[in-house]
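Here is what each chain is made of, one letter per residue.
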Amino acid sequence: MNRLIALGLVLVVFVVGVTVGVFGTHVFYAKRISDPGKMAEFMSAVALRRLDRTLDLSDAQRIEIEAVLADARHDVLVVRRETEPRMVAILDHTHDRIAAVLTEEQRREFDRIRERMRRNLSLGEDGDRPKG
């Protein structure tokens, strides 16, 4: 009986750990993904740390690589601005197809979700996320 209780406790701790880990990861990346500039900065920092650790970069190399990564972030945001209208059209078409399968009540909730996603993903005129 004691073994069964111990096994049950281990299982509960495991499930709670996985749940907290998944939720924490979701929150972490959701905040980064909602602002592509921040996500790009984060990924650049990760890449630079890995290169520095693996290649033992000098201070001068680190500075030059930081500049290269900053240029790449800028280029990626330019491409994102250029392709965003097409991506939005694809998402709108996908959402319309999903909505066609839903009941009226489900569709109302889906529309609220869709609007929230649209607000979170839209870029301002200068490529920055709307504030607020």
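Residues numbered from 1 in each chain as written. Predicted model: local features only at pLDDT ≥ 70, side-chain atom pairs only at ≥ 80, totals over all residues. Heavy atoms only, no water.

Asks: When you look at the overall build of the chain in this model, what are you seeing that I'm missing?
Replies: Counting secondary structure elements, the chain contains 4 helices and 0 strands. Of the regular secondary structure in the chain, the N- to C-terminal order runs α-α-α-α. Relative to its 132 residues, the chain shows a buried fraction of 13%. Taking all contacts inside the chain whose residues are at least 6 apart in sequence as the whole, residues at least 24 apart take part in 43%. A total of about 10,700 Å² of accessible surface is found on the chain, and carbon and sulfur atoms cover 63% of it. (Helix = DSSP H or I, 4+ residues; strand = E, 2+ residues; numbered from the N terminus. Buried < 20%, exposed > 50% of the residue type's maximum accessible area, 1.4 Å probe, protein only. Contact = heavy atoms within 4.5 Å. Areas by Shrake-Rupley, 256 points an atom, 1.4 Å probe, with all protein chains shown as cover.)

Asks: I keep staring at the confidence of the model for the chain and nothing clicks. Help me out?
Replies: One rule of thumb: low pLDDT means the predicted coordinates there are not for detailed reading. Looking at the chain as a whole, its pLDDT mean stands at 82, while 81% of the residues score no less than 70. No element of the chain has a lower mean pLDDT than helix H1 (residues 2–33), which averages 75, and none a higher one than helix H3 (residues 59–99), which averages 91. Low pLDDT (under 50) marks residues 123–132, which in the prediction has 18 contacts with non-local residues, meaning those over four places away or in another chain. (pLDDT = per-residue confidence, 0-100.)

Asks: Which parts of the structure should I look at to understand the pattern of salt bridges?
Replies: Side chains that differ in charge, positive against negative, can pair when their charged atoms come close. Overall, the coordinates contain 6 salt bridges when judged by the stated rule. Two residues, Asp59 and Arg62, come together in a salt bridge whose shortest N-O distance is 2.7 Å. One end of the pair is Asp59 and the other is Arg62, both in helix H3 and 3 residues apart, which spans about a single turn. Assessed through its relative accessible area of 53%, Asp59 is described here as exposed. (Salt bridge = Lys/Arg side-chain N within 4 Å of Asp/Glu carboxyl O.)

Asks: Is there a simple way to think about H3 in this case?
Replies: Because each turn of an α-helix spans 3.6 residues, side chains separated by three or four positions in sequence point in the same direction. When the local axis directions of H3 are compared, the greatest deviation, roughly 45 degrees, occurs at Thr83, which is followed within four positions by the proline Pro85. Along H3, the positions that sit buried rather than exposed are Leu69, Glu84, His95 and Ala99. (Bend = angle between axes of the 7 residues up to and from the residue.)

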